[in-house]
Structures are given as C-alpha cells and as structure tokens.
Amino acid sequence: TFEREPVPMPNEEEDAVSDALLGAIAKNVGDAAMKKASKEASKLGNQVKNMERGLGCLGFIGGVLTAGASFLGMMNILNPLGFVVEAYTFLFGIAIALIEMQNQCLPLSFLERWARFMTTLGGRGVFYVYVGSLSIAKSTFLSFAVGAYMMGVGCLYIISVCRSSSVTEREMTESGGAKGTPV
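Residues numbered from 1 in each chain as written. Predicted model: local features only at pLDDT ≥ 70, side-chain atom pairs only at ≥ 80, totals over all residues. Heavy atoms only, no water.

## Some details on the overall build of the protein chain
Stated precisely, the cut-off is as follows: Only DSSP runs of H or I covering at least 4 residues are called helices, and only runs of E covering at least 2 are called strands; the numbering of each starts at the N terminus. Classification of residues uses two cut-offs on accessible area relative to the type maximum, computed with a 1.4 Å probe and protein chains only: under 20% is buried, over 50% is exposed, and between them is partly exposed. For this analysis, residues touch if any pair of their heavy atoms sits within 4.5 Å. Each accessible area is a Shrake-Rupley result for a 1.4 Å probe, and residues are judged covered by the shown protein chains and nothing else.
When helices and strands are tallied, the protein chain shows five helices and zero strands. Along its sequence from the N terminus, the protein chain presents helices and strands in the succession α-α-α-α-α. When each of the 183 residues of the protein chain is scored for burial, the buried share is 25%. The long-range share in the protein chain, meaning contacts at least 24 apart out of those at least 6 apart in sequence, stands at 61%. Summed over all atoms, the accessible surface of the protein chain reaches about 12600 Å², with 66% contributed by carbon and sulfur.

## Section: the pattern of salt bridges
Basically, it comes down to this: Each salt bridge in this description consists of a side-chain nitrogen of Lys or Arg and a carboxyl oxygen of Asp or Glu lying within 4 Å of one another.
Scanning the model with the defined rule gives two salt bridges in all. In this structure, lysine 138 engages glutamate 86 in a salt bridge whose closest nitrogen and oxygen atoms are separated by 2.9 Å. In this pair, lysine 138 sits in the loop between helix 4 (121-136) and helix 5 (141-174) while glutamate 86 sits in helix 2 (residues 80-100), placing the two residues 52 residues apart along the sequence. Each member of the pair, lysine 138 as well as glutamate 86, carries the same accessibility label: buried.

## Some thoughts on a nonpolar patch on the surface
The cut-off we apply is this: Patch criteria: residues need more than 30% relative accessible area and no salt bridge. Like-charged residues are merged within 9 Å; nonpolar side chains of Val, Leu, Ile, Met, Phe, Trp and Tyr are merged within 5 Å.
Taken together, the side chains of Ile77, Leu78, Phe83, Val84 and Tyr88 define a hydrophobic patch exposed on the protein surface, amounting to about 560 Å² of accessible area. Within the secondary structure layout, isoleucine 77 lies in the loop between helix 1 (12-73) and helix 2.

## Details of the packing of helix 2 against helix 4
What counts, and what does not: Fitting a line to C-alpha atoms yields each axis, with helices limited to the stretch in contact; the angle taken between N-to-C directions then spans 0 to 180 degrees. Angles are sorted into four bins: roughly parallel if under 35 degrees, roughly antiparallel if over 145, roughly perpendicular if 65 to 115, and oblique for all others. When the near helix sits turned anticlockwise from the far one by under a right angle, the crossing is termed left-handed; a clockwise turn instead gives a right-handed crossing.
Two elements in contact, helix 2 and helix 4, have axes whose closest approach is 11 Å; the angle formed by their N-to-C orientations is 150°. By the angle between their axes, helix 2 is roughly antiparallel relative to helix 4. By crossing handedness, the relation of helix 2 to helix 4 is classed as left-handed. On helix 4, the residues that touch Thr89, Phe92, Ile96, Ile99 and Glu100 of helix 2 are Arg124, Phe127, Tyr128, Tyr130, Val131, Leu134 and Ser135.

Following this line, the structure appears as structure tokens:
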C-alpha cells in the first residue's frame, strides 16, 4: 500500500506572485505575436500595393486600346447594332482607363455607389474579361487582339486575387491566426 503525501496548498501570496508572473509572460508573448503579425501584414500590404500598381498600368493601357479600337469601329455607321456594341465597348474602355488612373478623375465614392465590383481586383478582373470578350466577338483583327489582351489582363487580376488570398491564409496559419480569418 502506497500512501500519498499531502500536497501543500499554496498560500495567497504565492498565488498572487504566480498570477503576476503568468500575466507578464502572456503579455510578452502576446506583444511579440502582435509585432510579428503587424510586420507580416505590412510586408503583404506592400506586395499587394506593388502588384496593384503593375496591374493598374496594364489595365490603363488596355482601357485606352479598347476605347481606341472601339472608336475606330464606330466609324462604320452602316451597321446600327454594331455601332451600339462599339459605343458600349468605347465607354467601357474609357471607364477602365479612368478607374486605373488611381481614381483621380473618378472619385472612389462614385464607384462604391454605382459599380462596387470595380473597387476590388477580382471584380475588375471579371469585368475586363467581359469587355475583352465583347471585343473579340466583333470579328476584326484589331478588336480580337485588344480583346485577347483585355482578357489576359483580367485573368491576371483574378489570379492575383487567388494568389494573395492563399498567401494571406498561409501567413495567418503560420502566425497562429485562425484559418480563413480576414486580414
């Protein structure tokens, strides 16, 4: 038969010291985790900003090309339906160029109210693929080339969203955040 020795009960003074010690350790660990998460979020923010700037240049060029090709297509006034499609595509090209000029000509509040999807990279990507498909459907070499370019830029936007969301999820998992937690 084994007899257990009674475990001594800590007194209130020892409890207060251990609580203070545990609190200090938890605070230091929490501060270190917050600094690391803040640093990683800042790095990710800089990467996204640089990526958006590059995609913005490609989008601006695509908007100008789309508007130019559509303007040339509007010269054929003998086809009324074709003229309407060209006019829409021309307006879309102008809108794309204005949006990609970092919202200097078109305030962000206008986009948030009337075209909220254009305030995100994914929304712009889908819109650029749509505009590119309109251009390709016009059956001229210039329109096909511009449409293929716009669809390519749109796909780059969509890929960048998928890439940045997977990077964010991976970094959140590595830093101890909950999976799928928005940054």
